[in-house]
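Notes for the structure review
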Amino acid sequence: MKKDTVHAIRTALESLGISPCPPVDIEIPKGESHGDIATTVAMGLARSLKKAPRKIAEELVGAIPDRSIFESIEIAGPGFINFSFTKDYLRAMVKRLILRDRSILREEIGQGRKVLVEYVSANPTGPLHIGHARGAAVGNALCSILEESGYAVEREYYINDAGRQVKMLGMSVYAKYQQMLGVECEFPEDGYRGDYIDDEAKALISGAGEKYKGRSFDECGDEISSWSYRRMLALIGKDIVLFGIRDFDHWISEKELYDRGEVGQALSALRDLGHIYDKDGAVWFRSTAFTDDKDRVVIKSDGAFTYFASDIAYHKDKLDRGYDIIVDVWGADHHGYIPRIESVMQAFGYDSSKFRVILVQMVNLLKHGEPFQMSKRAGNFVTLSDVVELVGADTTKFIFLTRKADSHLDFDLDVVTAQSSENPVFYVQYANARINSILENARTKGIDPGAAVDADLSALELAEEFSLIKKLLAYPVVLEGAARAFEPHRVTYYLQELAGIFHSYYHHHKVITDDPRLTKARLALCLAIRVVLSDALTLLGVTAPEKM
RNA sequence: GCGCCUGUAGCUCAGCUGGAUAGAGCAACUGCCUUCUAAGCAGUAGGCCACAGGUUCGAAUCCUGUCAGGCGCGCCA
């Protein structure tokens, strides 16, 4: 739909000798009275051509060579050109959808460009919680959308396994272990207090027995820390599987960056470029030379690297790997880091426009309408696995994807567990399940739904049927917008709209009728709808159950 | 104090990178199950797009200011 229209407009622009050819903006009008698809090019050209928009539109329309696919082309309002398609054109698209013709499901805007998306990257000191889940859902869906739009996407998780956090994890487990074995041991003040620490201590007892009993942390701390850390990483891996998002292509270890000397190398590279200086016994990165408002310490006066130092190394590593676009999905509370990372990019001579941060706002967890305060230290946070068990992975992901990433989100445990119509995911999944139910019903009546590909689609004549087809043809336009804007939630909204039109159609018209020709045609339409529903749900990481 | 995000129906939020008469879900009222799944459908009602200016053919959308909420501003991680 879009491709054919854009092609027609481009051809017309060329034949009018308008060059360079301006970008052809296409939009799908809200109301059907404005046609099936519209363009604003004429209005956009008004200024540079110094002509009235409607005049340009007229010339443009006159110059469209082949208008056989259009029912009508009208100029409206200040200079819109509204296109309507013939019924036969629309009908023909149904078959291409059933056959999953990629050219009408996707816009290949990525052209193979390499994209790295880093998301989740939770510290390996405990299980994932509800806050991480939003980043996981958004990152996962974004990757799928970009991938299906023709980008070469790599998914990455950065593990902060070098700092004191891992040590603190070890100390927490160590203390709990000693306590359980009856040895008096003070729990570290900044230790992690979740139930999982108890579990780890128990696991340590059953695995190592009393091997560490009564020994000092200096003696056995490293062993316990790295043991705990590996288990936490495994736990996070399990959570990711449980949540139903794709596995990461790369798990990058901060510690390994240090071990390979990359942190030191990155800093000396910066020093060679003249962006490093010494002051007050510390080593500084002159980030104010770029977009930052403050210079940043990279090596403290006690000789230790700051967290930012390894971040420099990590992002240099990303740059060196040669991606066209580097995306970081961060919690919104880290927004203050954007300028300094941008500065790093620029310091290494890269255009920071290839770097893009998606900020994911906090999840406001509610229970009985009241805020449910989470604190990892207090140990009362709600884990991702708890939520998956309580709410379900599909619902959780879908709800996280019904808002744009940078808006705040209320997640009321009572509301989302109610299994009521407040769960938009059911609405969409139900449409898919209904179609399967129809197909099943057809089979029991001896009709092979698969044969519907050959249906005589001229039997489709209802306005609702054409609304459905047009909505299906809008899918690649929505996908393209979602990919360009890095906004997965657009797909979520589209799905709800498509499901809505289908539910209405279902209620008003029988698919399986006494008329074999009509039945076959409507089955074909159902198959096409199912293709889009399941395709979009898959991109969002949500399942498309056959039965509900 | 400075910076970032947000402000749209009673509530939760969309609004397609500046387009045509502002949308959805929930909540509230009205109807619809001997017919492919009622987790559904049809309808009613609900708005000074926080406020004030500006930019232009055209603004919920872009710019400036004000107000309100959230977050961030360490030789922490």
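Not measured: the values here are computed from a predicted model.

Conventions adopted
- Residues numbered from 1 in each chain as written.
- Chains lettered and ligands numbered in written order.
- Predicted model: local features only at pLDDT ≥ 70, side-chain atom pairs only at ≥ 80, totals over all residues.
- Heavy atoms only, no water.
- Helix = DSSP H or I, 4+ residues; strand = E, 2+ residues; numbered from the N terminus.
- Buried < 20%, exposed > 50% of the residue type's maximum accessible area, 1.4 Å probe, protein only.
- Contact = heavy atoms within 4.5 Å.
- Areas by Shrake-Rupley, 256 points an atom, 1.4 Å probe, with all protein chains shown as cover.
- Lys, Arg positive; Asp, Glu negative; His and termini not counted.
- Charge placed at Lys NZ, Arg CZ, Asp CG, Glu CD.
- Disulfide = S-S within 2.5 Å.
- Domains from an automatic or database assignment.
- Buried area = accessible area lost by both parts, 1.4 Å probe.
- Salt bridge = Lys/Arg side-chain N within 4 Å of Asp/Glu carboxyl O.
- Polar contact = N/O pair within 3.5 Å; in protein donor to acceptor, adjacent residues only side chain to side chain.
- Near = heavy atom within 4 Å.
- Nonpolar A, V, L, I, M, F, W, Y, C, P; charged D, E, K, R; others polar.
- Axes fitted to C-alpha atoms, helices over the stretch in contact; angles between N-to-C directions.
- Parallel < 35°, antiparallel > 145°, perpendicular 65-115°, else oblique.
- Left-handed = near helix turned anticlockwise from the far one by under 90°.
- Pairing = 2+ DSSP bridges.

1. Description of the overall build of chain A
A tally of regular secondary structure across chain A gives 19 helices and 15 strands. Its C-alpha atoms put chain A at 85 × 60 × 40 Å along the principal axes. Taking all 548 residues of chain A together, the buried fraction comes to 53%. Once local pairs closer than 6 in sequence are excluded, the contacts in chain A between residues at least 24 apart make up 72%. Accessible surface, chain A as shown: approximately 24,600 Å² in total, 49% of it carbon and sulfur. The averaged location of the 79 negative side-chain charges in chain A is 3 Å from the averaged location of its 66 positive side-chain charges.

2. Structural notes on the state of the cysteines
Joining two cysteines, a disulfide is a covalent bond between their sulfur atoms. The final tally for this structure, using the stated rule, is 0 disulfides. There is no disulfide at Cys185, and the cysteine sulfur nearest it, in Cys220, is 9.7 Å away.

3. Here we look at the domain arrangement of chain A
For chain A, the assigned domains are domain 1 (2-85), domain 2 (114-160 + 247-360), domain 3 (164-243) and domain 4 (424-540). Contact with domain 1, which involves 4 residues of that partner, is made by 5 residues of domain 4. By the criterion of area lost to domain 4, the three top residues of domain 1 are Lys2, Ile28 and Glu32, representing 74% of everything that side buries. One can count 2 salt bridges joining domain 1 with domain 4. For Lys2, the salt bridge goes to Glu480, with nearest N and O atoms at 2.6 Å. On the surface where domain 1 and domain 4 come into contact, there are 2 residue pairs in polar contact (both at pLDDT 80 or more).

4. Digging into the protein's contact with RNA strand B
Lining the immediate surroundings of RNA strand B are 66 residues, of which Phe80, Gln165, Tyr337, Tyr430 and Ser437 lie closest. In RNA strand B, the atoms that sit within 4 Å of the protein are 65% sugar and phosphate, with bases accounting for the remainder. Between RNA strand B and the protein, one listed contact pairs a phosphate oxygen with a backbone N or O atom of His408 at 2.9 Å. Between RNA strand B and Met548 there is a distance of 3.0 Å, counted from a base oxygen to a backbone nitrogen or oxygen. Breaking the surface near RNA strand B down by element, the ones donating at least two residues are helix H2 (41-49), strand E4 (80-85), helix H6 (164-180), strand E9 (282-285), strand E15 (409-412), helix H16 (424-444), helix H17 (463-485) and helix H18 (489-508). Broken down by class, the residue content of the surface near RNA strand B amounts to 25 nonpolar, 21 polar and 20 charged.

5. Side note on the environment of Leu537
Examined against the element boundaries, Leu537 turns out to sit in helix H19 (residues 516-540). Judged by its relative accessible area of 0%, Leu537 is buried. Taking the C-alpha atoms as reference points, Leu537 and Glu32, separated by 505 residues in sequence, lie 26 Å from one another. In contact with Leu537, not counting residues within four places along its chain, are Phe398, Val428, Leu495, Val542, Thr543 and Ala544.

6. Quick notes on the packing of H18 against H19
Between H18 and H19, the shortest axis-to-axis distance is 10 Å and the interhelical angle comes to 155°. Our classification of the angle between H18 and H19 gives roughly antiparallel. You can see that H18 and H19 cross each other, and the crossing is left-handed. Counted together, Val491, Thr492, Tyr494, Leu495, Leu498, Phe502 and Tyr505 of H18 and Arg522, Leu525, Cys526, Ile529, Val532, Leu533, Ala536, Leu537 and Leu540 of H19 form the full contact between these two elements. Among the residues forming the contact of H18 with H19, the class breakdown is 14 nonpolar, 1 polar and 1 charged.

7. A look at the sheet that holds strand E12 (residues 355-360)
Strand order in the open sheet formed by 5 strands is E7-E6-E5-E11-E12, and the pairing between neighbours is parallel. The sheet is open, and its two edges are formed by strand E7 (250-253) and E12, each paired on a single side. For this sheet, the mean inter-axis angle between neighbouring strands, taken without regard to orientation, is 25°. Of the strand pairs in this sheet, strand E5 (residues 114-118) and strand E11 (residues 325-331) are connected by 4 bridges, and their pairing is parallel. When the bridges of E11 are listed, Val115 appears paired with Ile325.

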